[in-house]
Amino acid sequence: MSANLDLLGALLMGLAGSSHCFAMCGGVSAALSMAIPPAHQRPLGRLTYLICYNLGRILSYMLAGALVGGLFASVAGLGQGKHALAWLQLFAALMMIAVGLYLAGWWQGVLRIEQLGARLWPHIRPLANRCLPLQRPLAALPFGMIWGWLPCGMVYSMLTWSAASGSAGAGALLMLSFGLGTLPTLFALGGLADRLRYWLTRRELRLAGGLLLLLLGTHTLWIAIRLL
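Analysis parameters
Residues numbered from 1 in each chain as written. Predicted model: local features only at pLDDT ≥ 70, side-chain atom pairs only at ≥ 80, totals over all residues. Heavy atoms only, no water. UniProt positions renumbered as here; feature names shortened; annotations may be inferred. Helix = DSSP H or I, 4+ residues; strand = E, 2+ residues; numbered from the N terminus. Expected span 1.5 Å × (residues − 1). Bend = angle between axes of the 7 residues up to and from the residue. Contact = heavy atoms within 4.5 Å. Patch = residues over 30% accessible without salt bridge, like charges linked within 9 Å, V, L, I, M, F, W, Y side chains within 5 Å. Areas by Shrake-Rupley, 256 points an atom, 1.4 Å probe, with all protein chains shown as cover. Salt bridge = Lys/Arg side-chain N within 4 Å of Asp/Glu carboxyl O. Buried < 20%, exposed > 50% of the residue type's maximum accessible area, 1.4 Å probe, protein only. Phe/Tyr/Trp six-rings, centres within 6.5 Å; stacked < 30°, edge-to-face > 60°. Polar contact = N/O pair within 3.5 Å; in protein donor to acceptor, adjacent residues only side chain to side chain. Axes fitted to C-alpha atoms, helices over the stretch in contact; angles between N-to-C directions. Parallel < 35°, antiparallel > 145°, perpendicular 65-115°, else oblique. Nonpolar A, V, L, I, M, F, W, Y, C, P; charged D, E, K, R; others polar.

Residues annotated in UniProt with the feature "transmembrane region" (unreviewed entry) correspond here to residues 59-78, 85-107, 139-159, 171-193 and 205-225. The distance from the first to the last C-alpha atom of residues 139-159 is 26 Å, and the span holds 71% helix and 0% strand.

Listed below in structure tokens is the structure:
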């Protein structure tokens, strides 16, 4: 049950964080659209590029989730075992609550996490530029994998959650669920779901998502405290 709630929470975080995605990924979406050859600018062609781009982006999320999940599980196995993972789960619960407060519009502190990766991004961005122009849809796959490392407080919060998942597989699944939750936003940004943008940016959706994440975070916090 707890694992299912975690996956649901990750999916919800990706969906409810749409307004943040619009702010963070708008420039990426514009760059992707401009890099598509004129012959592929029809809806079907753009859809193919968007699918490959988002597949690469989600694969990078899963890779990061597997790395931190497996790493912290190994470290916990060498030390205090489940006790160490309980402390990680406690921290992840607090991060979940912080994101819930952010989505509800009550506290913006989670955005400061993005500053942690801001110094690395200038070294990564040139790799993405080498993929341009995107002469064929599959070229958008490595482009998406590189842009998946864009500094983002939502992604960093999810990685904290993945670190407490207990295994590489569980960490990858959490990031997969989060990535799937962000898909509607990215397709709306790609111009293939303009009407959807209206619903994703509604205040009611952010508030509902924030409240649900607060509930899930509180539940996770309670479980972690009982394990300590």
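Let's shift gears to helix H9 (residues 168-189). End to end, H9 covers 31 Å across 22 residues, agreeing with the expected 32 Å (1.5 Å per residue, within 8%). At leucine 183, H9 is deflected by roughly 35°, the largest bend along its length, and proline proline 184 occurs up to four residues later in sequence.

The next point concerns the side chain of serine 60. Topologically, serine 60 is positioned in helix H3 (residues 43-78). Non-local contacts of serine 60, meaning those with residues more than four positions away in its chain, are made with Gly144, Met145, Gly148 and Trp149.

A cluster of nonpolar side chains, namely Leu8, Leu11 and Leu180, defines an oily patch on the protein surface of about 260 Å² accessible area. On the basis of relative accessible area, leucine 11 is assigned to the partly exposed category, the value being 37%.

Moving on, we come to the packing of aromatic side chains. In the structure shown here, the tally under the stated rule is 3 aromatic pairs. Measuring from ring centre to ring centre gives 6.0 Å for tyrosine 53 and phenylalanine 143, while their planes differ by 45°; the resulting arrangement is tilted. Placement of the pair is tyrosine 53 in helix H3 and phenylalanine 143 in helix H7 (residues 140-147), with a sequence separation of 90 residues.

With that out of the way, let us pick up the side chain of threonine 182. Residue position: threonine 182 is located in helix H9. Within the structure, the side chain of threonine 182 is placed 2.9 Å from the side chain of arginine 57, a separation counted as a polar contact.

By the secondary structure assignment, glutamine 115 is in helix H5 (residues 114-118). Take glutamine 115: its relative accessible area is 58%, and that puts it in the exposed class. Separated by 37 residues in sequence, glutamine 115 and cysteine 152 place their C-alpha atoms 8.6 Å apart.

Moving on, we get to the packing of helix H6 (residues 121-129) against H7. Two elements in contact, H6 and H7, have axes whose closest approach is 9 Å; the angle formed by their N-to-C orientations is 175°. Comparing the axis directions of H6 and H7 gives the class roughly antiparallel. Between H6 and H7, the residues in contact are Trp121, Ile124, Arg125, Leu127 and Ala128 and Phe143, Ile146 and Trp147, respectively. Of the residues contributing to the contact of H6 with H7, the split by class is 7 nonpolar, no polar and 1 charged.

To continue, consider the environment of alanine 92. When you line up the elements, alanine 92 lands in helix H4 (residues 82-104). Separated by 70 residues in the primary sequence, alanine 92 and serine 162 have C-alpha atoms spaced 8.2 Å apart. Residues contacting alanine 92, with those up to four places away along its chain left out, are Thr160, Trp161 and Ala164.

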